[in-house]
Amino acid sequence: MDPTHRGPEEYGRDNDGFGEGPGRRRPARDQLTPDPGHPTPPQARVVRLISGEYLLTVNPVDGSEVELCPPGEQPGAPARRTAAGRADRERATAPPVPPGPPAPQLPLLERAQERERLARLLAQGRSVRLTGPAGSGRTALLDAVAADCADLAPDGVVRLNGHKRTATDLLYGLFEAVHESPLHRPDRAGLLEKVRSIGAVVLLDDLEFGGAALEELLDATPECAFLFATVPDVAAPTTDSHLEEVFLAGLGRSAAVDLLERAVERPLTEEESNWAGDLWFESEGLPLRFVQAGALLRQRDILRTDPEAYGVFGGGDGRPAEVPFGHDQDIDGVHIPLPSLGEGAAPAPLLASRLSASARDTLRFAVALGGEVPHQAHLPALIGDTHADAALGELAGCGLLSPAGPRYRLAAGVVTQLEAAGYGEDATDRARTAAQHYAWWAGHPSVTPERVTAEGDAVVAAMAQLVPGDGAGQTSVAVLLARSASPAFAAGLHWGAWERALRIGQEAARLAGEVAEEAYFHHELGILALLAGNPDRARAELETSIGMRGALADKSGAVAGRRALALVADRSGGPLPVVLTPPGDELPVPRTEEPPTSPVRATPSVTQTLSGPYEAAATVISPQSTRGAAGKGRFALLAGARRNLVATAAGVLLTGVLGTVVALGLTSGDDDVQGNQDVTTEQSQSQDDGGDEVPADSPADGATPGDTATGGSASTPGPSSSEITPSGSGTPSPDSSGPSGSPSSDTPSGNKPSSHKPSTSHKPSQSPTTPKPTGPTASPTDTGSPSPTDTATEPEPSSPDTSDSASGPSSSSPAAASAESSPTAA
C-alpha cells in the first residue's frame, strides 16, 4: 500500500484502519486557521485610555505600558451630562431590585424637622454633616432630601457612597457623575479644574473619613453643597470647618410602634405592643431593629396559620432550623410565643433560621467576604442552585441587607450576630470558592470592565480574606484573582480598587513564592504611581520589577519595565537608567585591553565644554577612554562618534580659542636641529594614508617610556605606551603629555618655524605618530612635507623628507597641552 495516499483519508475521511483512530481529527496544518476540535485560547483584553498627558495601554500579559499621549489623540473637553443623562446614569448605578415579592414600603416617621432643616441649609449652599448611629435611618432620610433638592443646583443631585472610598475616589466619582468622558481620566490638576466648576447638591452616604481629608474635599468643590451621612465613630472635621452638624437620634416609642405595625401590615395586639415597648427601650429606638422585628412577627403569623410552613423547627425546605423559634412552642398552632427580648435585639440568627437553604448559604458567603453580598447573578454559580438568585429577595425582605452604591451589604450589626451563631466557621473555604469564581469571571473576555468594577468591593474582599493564608493554595488563589481583576479595575477607571488589588496580590505572591507574578504587581504599582504623579515611588517599584524579571530572563516584561522607567526619568528630570536595551541586544563595546585590528592614528578628543571659560594661554586637549566618554553626559556622543566628527570639533575649538598657530620643533640627540616641523591645525587624516603608520598603542622605534617630553626637564616624565587607550570611537589616542610631547613656544612667530636647542643630557623621545622609518638608521627627527589636506597656514619650505606619506595627526594638540610647562616659554 502506498504510505503517501492512505485511502479514504485522501478525500477528507478516515477509518479504523488508517489514521490515529476513529473519530479523531488531525490538527490543522495552517496554524492561522482555527480548528473546531482545538479551539484557540481567548485573546487578552487590551484597553487603551488617556490619563492626563499619558496614554495607558492596559496589557494583562506583560504589564501595562504608558507613554506620552501622541498629538491628535488627546481627548477634548468632557461634555456635561444633561438632566436625562444624569437620571439614566443614576438608574444604571442603583442596586438591583431583589427578585421575589416586593417588601413593604415604610414611611419616614419623626424626621420631618430634620428633613426640612437639611433642605433649607442645602438651598443656602451650606454643607451639612449628618451624624447618627448605625441603623438610625440615615439612608432613608437622604432619599427624602434628594427628592426635595432635585431642582436646586444646575448639575442636579449627585448620590455617592463613601464606603471604602478616599477623598480622591470621591472627587473622581463626582467628575464621572457630572461629565461624560469614556476612557478618559484627567490628572490631578485637570480633575481639580473640572470639579471646581461643578454646581450640584452632593449626598454622600457612609462617609469614613474626616479631618484634613474632608477639608480637602470641600476646598476642591467650592460650588457644591454636601450632605455627609456618617456614624459618630468617624473623625470629626477640623475646627475651622464651616460644616453644620445635625445629629440623628432614634424614634420615639409611639413612632416605633407605628413603624412596626406598618412592617407587619396589621394592627398589633396588646401583647405585641408591650413587647415592642421593651424592644424600643433595648434598641434605643433604632428604626432598623423594628424593621427586622416586623419580619419576625410576619414569620410568627405564618407559623400560627401553618405550623409546618418552615418544617418541624426548620426552614422552608424542611431542614432543621439552626436556632429554634421558641423553646416552648406549641406545634398545634394554637399558641406561638413571641421572641425573647434578646432575640428581638439581635434578630439575625433567628431570621436566618426561617430562610431557605440558598439564603443561608448566601449569608455564609457574605460573612466570609466581610459583609459584602455577591451580586444575584453570581449566587447560582457560588451556591450550586439555579434558583439561588431569589435568596437576595428573602434577605432584603427581612431587613438583613442595606444598599451601598450599586450593590448590597449586610445591614449594621448582622455580621457580628451571624458570626456568633456559627455562620463564619467555614469562612476561609467559602472565600477561596468565591475567589476562584471571581478569577474565572473577571478574566473572561465577555465580561466588561464596568461589570467587574461594580463588583469590585466583593472581589477585593475575597482576595483580602486569603492573605495571609495558612491553608494550602490560599495565597495562590489570591494571586490568581488579583492577576485577573486588576486589569479590569484599571480599564474600568476604578483605580482605588486597582491599587488595593495590586498590593494584596503583591503580598500574596511574595508569600506564595511566585516571583514572576510579584514582578508583575511591582510593575503595575510603578505604572500607577507614575500616573498618580509620584515619580519616586514609581522608580522604586519599576526597578524592583526589572530586577526580578531580569533574574527570570523575562525579556518582554523587562522591556516594558525599562520603557516605563525611562519615561519616569524623563518626566522627573532624574538620570536615565543605566541600561535601556534588553539583555542580548547591547551594542558591542571595544575593550581597552584589546589592540585594534588595523593600525589607525591616535586622535585626541576634546574634554573642555564649549560653555566653559576660555583659557587665555592654551586649550587642553586630552584623550578619553570609552568608559570616560560613556559616562559624561553631553560628551558621551563625541566619544562614540567617528574620527572625522572628533577632528571637526577639535579644529573648531582650536580655531576659536587659540586664534594663533603653534610651531613645533623636534630636536635630535647631537644638539643640532635636524629639521623643521610644519605647523598645522588639521586634526584628522584621510583613512587611506594610514597604511605606513605606527600603531598608537606601541612606542616608536628608539623611544624610551622613561624619556621626558622637554629637553633637560626631569620633573615631567612621560607615560608609558600602556597608558594609551582607545577613544570612544574605537580610535586610540595618545596622552597629551605622553611620549609625543615636544617643546613649544607660547609666542608664535608668523610663518617661521621655531626651533630650540635642548641640552644633551637627555635623549629626545620620538612621537608615536611619526611615520615608520624606511631605514634602520632613520632619524626620529625627520619631518615630512605638508599634507595636501592641511589648511591652517602655509609653512615655509623645509628640508626634503624621506617619508613617502604625510605625517601623522597634527602635533599641535600635544604641543598646546604642554605649552605652559615648556621651558622654552620661559
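A. Broad picture of the packing of helix α4 (residues 167–178) against helix α5 (residues 188–195). Axis separation between α4 and α5 bottoms out at 10 Å; the angle between their running directions is 55 degrees. For the element pair α4 / α5, the angle class is oblique. Taken as a pair, α4 and α5 cross one another with a handedness that is left-handed. Note on element contacts: α5 touches α4 through R188, L191, L192, K194 and V195, opposite T168, L171, Y172 and F175. Class assignment of the residues belonging to the contact of α4 with α5 gives a composition of 6 nonpolar, 1 polar and 2 charged.

B. Molecular detail of the sheet that holds strand β6 (residues 157–161). The sheet built from 5 strands is open, its strands ordered β6-β9-β10-β5-β11 with parallel pairing. Sheet topology places β6 and β11 (244–247) at the edges, where each strand pairs with a single neighbour. The average undirected angle you get between the axes of adjacent strands in this sheet is 15 degrees. Those strands touched by α4 are β6 and β9 (201–205), and its axis lies near 145 degrees from that of β6.

C. Fine view of the sheet that holds strand β3 (residues 65–68). Read from one edge of the open sheet, 4 strands run β3-β2-β1-β8, paired in mixed fashion. Strand pairing shows two members of the sheet lacking a second neighbour, β3 and β8 (184–185), which therefore form its edges. Two elements, strand β2 (residues 54–58) and β3, share 4 bridges in a ladder whose sense is antiparallel. By the bridge assignment for β3, Y54 is matched with L68. Set on the sheet, helix α21 (residues 515–531) makes contact with β1 (47–51), β2 and β3; between it and β2 the angle comes to about 155 degrees. The strands touched by helix α23 (residues 555–572) within the sheet are β2 and β3, with β3 carrying the most contacts at an inclination of about 35 degrees.

D. Region of interest: unusual backbone geometry. Here the amide bond leading from V467 into P468 is cis, since omega sits at -10 degrees, within 30 degrees of zero. Along the polypeptide, P468 turns up in the loop between α18 (456–464) and α19 (474–491). One non-glycine residue, D206, lies in positive phi territory at about 60 degrees. Within the element layout of this structure, D206 appears in the loop between β9 and α6 (212–220). Residue classification places D206 among the partly exposed residues on the basis of a relative accessible area of 22%. Positive phi values are uncommon outside glycine, yet A553 reaches one of about 60 degrees.

E. Here's a closer look at the packing of aromatic side chains. Considering all chains together, one arrives at 4 aromatic pairs under this definition. With 5.1 Å between their ring centres and 5 degrees between their planes, F226 and F228 make a pair best called stacked. Here F226 falls in the buried class, since its relative accessible area comes to 2%. With relative accessibility at 0%, the residue F228 sits in the buried group. Between the aromatic rings of Y520 and F521, the centroid separation amounts to 5.5 Å while the plane-to-plane angle is 70 degrees, which identifies the pairing as edge-to-face. Residue Y520 shares its accessibility class with F521, and that shared class is buried. Positioned above the aromatic ring of F365 is the side chain of R430, whose terminal nitrogen or guanidinium carbon lies 5.0 Å from the ring centre. Positioned over the ring face of Y520 is R483, at 3.6 Å from the centre of the ring.

Conventions and cut-offs
- Residues numbered from 1 in each chain as written.
- Predicted model: local features only at pLDDT ≥ 70, side-chain atom pairs only at ≥ 80, totals over all residues.
- Heavy atoms only, no water.
- Axes fitted to C-alpha atoms, helices over the stretch in contact; angles between N-to-C directions.
- Helix = DSSP H or I, 4+ residues; strand = E, 2+ residues; numbered from the N terminus.
- Parallel < 35°, antiparallel > 145°, perpendicular 65-115°, else oblique.
- Left-handed = near helix turned anticlockwise from the far one by under 90°.
- Contact = heavy atoms within 4.5 Å.
- Nonpolar A, V, L, I, M, F, W, Y, C, P; charged D, E, K, R; others polar.
- Pairing = 2+ DSSP bridges.
- Buried < 20%, exposed > 50% of the residue type's maximum accessible area, 1.4 Å probe, protein only.
- Phe/Tyr/Trp six-rings, centres within 6.5 Å; stacked < 30°, edge-to-face > 60°.
- Lys NZ or Arg CZ within 6 Å of the ring centre and 35° of its normal.

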